[in-house]
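One-letter residues, chain by chain:
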Amino acid sequence: MSTHATTFVFDFDHSLVDNNTDTFVFDVLSPSLREKVNALSADVQWTELMNQSLNELQEQQGKTVENIRLCMTQIPFQPAMRRALDHLRILRREGKCKLYIASDSNTFYIDAILCHYGYGPTGDTFDGIFTNPAFVDKSTGRLCVKKFVEKHNCTVCNTVNMCKRDIYETYLSAASFPHRPRTVFLCDGSNDLCLVLALGAHDVALCRQGAEYGLQRKLIPILEKTPEKVQCTIVWWINYDEVEHWILTMM
Ligand SMILES: [Mg+2]
Ligand SMILES: [Zn+2]
């Protein structure tokens, strides 16, 4: 077991949980809105699209905040991933690692899922959760979501509301810790690329393998043409047993 503190950063959708929270809610509660989201996604900023679609789901289709919360508890959260998280939670309580989530989901979805599986409330298992803020509007009683930031300056990230490298450098890297710990990043998406490229030689990116995952599509050409841009160790994984095995072996 490593005696060095390790900082774990988990992407949420298709990483910590095995689906996408933003689309799962419409897949389950309103297939027609899911189609509408698909049709609009090229033209409307994603978080704004989620907010307007959630509004439509509640206002016009009569779904409640509780319907949405219950829907989230049904998202696949693989047993192997939960076993690995149980292990890390014990190590965290012993001061051996820190656990963070950096995700383009939102606080409501993440809290609902973590609480359902006994990892909540926020702060119980994770040291910090960086994601879009969601809240129930007092005047309408409806769930709303806002952008994490209105705009960042990163040119690598294709999402305007979130740069995970910004989050990492602002909150989690050298400035925050007296001795820079090793970082392990569990990730799958194209908006995870920026942080993968920011990690150093002692760090590890656990990258989900598969043509459907945006990170692989962006990272493979970089590894082939300009491998010097990637300093961290890349560990590819296909199923959650591999993630569990890596974490239990290396921690
Ligand atoms: Mg993801
Ligand atoms: Zn970025």
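First, a word on what this report is: a plain description of the structure on this page. (Residues numbered from 1 in each chain as written. Chains lettered and ligands numbered in written order. Predicted model: local features only at pLDDT ≥ 70, side-chain atom pairs only at ≥ 80, totals over all residues.)

### So, the overall build of the protein chain
When helices and strands are tallied, the protein chain shows 10 helices and 8 strands. Whereas a compact globule of 251 residues would reach a radius of gyration of roughly 18 Å, the protein chain reaches 18 Å, a difference of no more than 12%. Principal-axis analysis of the C-alpha atoms gives the protein chain an extent of 55 × 40 × 35 Å. Considering only contacts within the protein chain whose residues lie at least 6 apart along the sequence, 71% involve residues at least 24 apart. (Helix = DSSP H or I, 4+ residues; strand = E, 2+ residues; numbered from the N terminus. Rg over C-alpha atoms; globule rule 2.2 N^0.38 Å. Contact = placed C-beta atoms within 7 Å.)

### Here we look at the pairing of strand 1 (residues 6-10)
Most of strand 1 is tucked away: 5 of the 5 residues are buried. A two-sided burial pattern is seen for strand 1, the buried positions comprising Thr 6, Phe 8 and Phe 10 on one face and Thr 7 and Val 9 on the other. Where strand 1 meets strand 2 (residues 97-106), 5 bridges bridge the pair, whose relative direction is parallel. In the strand pairing of strand 2, Phe 8 is matched with Leu 99. Two elements, strand 1 and strand 6 (residues 182-187), share 5 bridges in a ladder whose sense is parallel. Along strand 6, the bridge assignment pairs Thr 6 with Arg 182. (Buried ≥ 20, exposed ≤ 12 C-beta atoms within 10 Å, placed from the backbone. Pairing = 2+ DSSP bridges.)

### Remarks on the sheet that holds strand 8 (residues 233-237)
Strand order across the open sheet formed by 6 strands is 3-2-1-6-7-8, with parallel pairing between neighbours. Here the strands that pair on one side only, and so sit at the sheet edges, are strand 3 (128-132) and strand 8. Adjacent strand axes in the sheet meet at a mean angle of 15°, parallel and antiparallel pairs treated alike. (Axes fitted to C-alpha atoms, helices over the stretch in contact; angles between N-to-C directions.)

### Thoughts on the nonpolar core
Side chains that are nonpolar tend, in soluble globular proteins, to be buried together. If you look at the biggest cluster of nonpolar residues, it comprises 65 residues, and the most contacted ones within it are Tyr 100, Ile 101, Phe 185 and Val 196. Sort the elements by how many residues they give to this core and helix 6 (residues 107-116) lands first, with 6 residues. Filtering out sequence-adjacent residues up to four positions away, Tyr 100 remains in contact with Thr 7, Phe 8, Val 9, Phe 10, Phe 126, Asp 127, Gly 128, Phe 130 and Leu 172. (Core = buried A, V, L, I, M, F, W, Y, C linked by C-beta atoms within 7 Å.)

### Some remarks on the pairing of strand 3
Burial within strand 3 is extensive, with 4 of its 5 residues counted as buried. By the bridge criterion, 4 bridges tie strand 2 to strand 3 in an arrangement that is parallel. Across the sheet, residue Ala 102 finds its bridge partner in strand 3, namely Phe 130. Between strand 2 and its parallel partner strand 3, the chain crosses via helix 6, and the hand of that crossover is right-handed. (Right-handed = clockwise from strand over helix to strand, strands pointing away.)

### Focus on the packing of helix 5 (residues 79-93) against helix 10 (residues 240-250)
Look at helix 5 against helix 10: their axes get within 8 Å of each other, and the N-to-C directions meet at 20°. Classified by the interaxial angle, the pair formed by helix 5 and helix 10 is roughly parallel. For the element pair helix 5 and helix 10, the recorded crossing hand is left-handed. Contacts between helix 5 and helix 10 involve Ala 80, Met 81, Arg 83, Ala 84, His 87 and Leu 88 from the former and Tyr 240, Asp 241, Val 243, Glu 244, Ile 247 and Leu 248 from the latter. Across the contact of helix 5 with helix 10, the residue classes tally to 8 nonpolar, 1 polar and 3 charged. (Parallel < 35°, antiparallel > 145°, perpendicular 65-115°, else oblique. Left-handed = near helix turned anticlockwise from the far one by under 90°. Nonpolar A, V, L, I, M, F, W, Y, C, P; charged D, E, K, R; others polar.)

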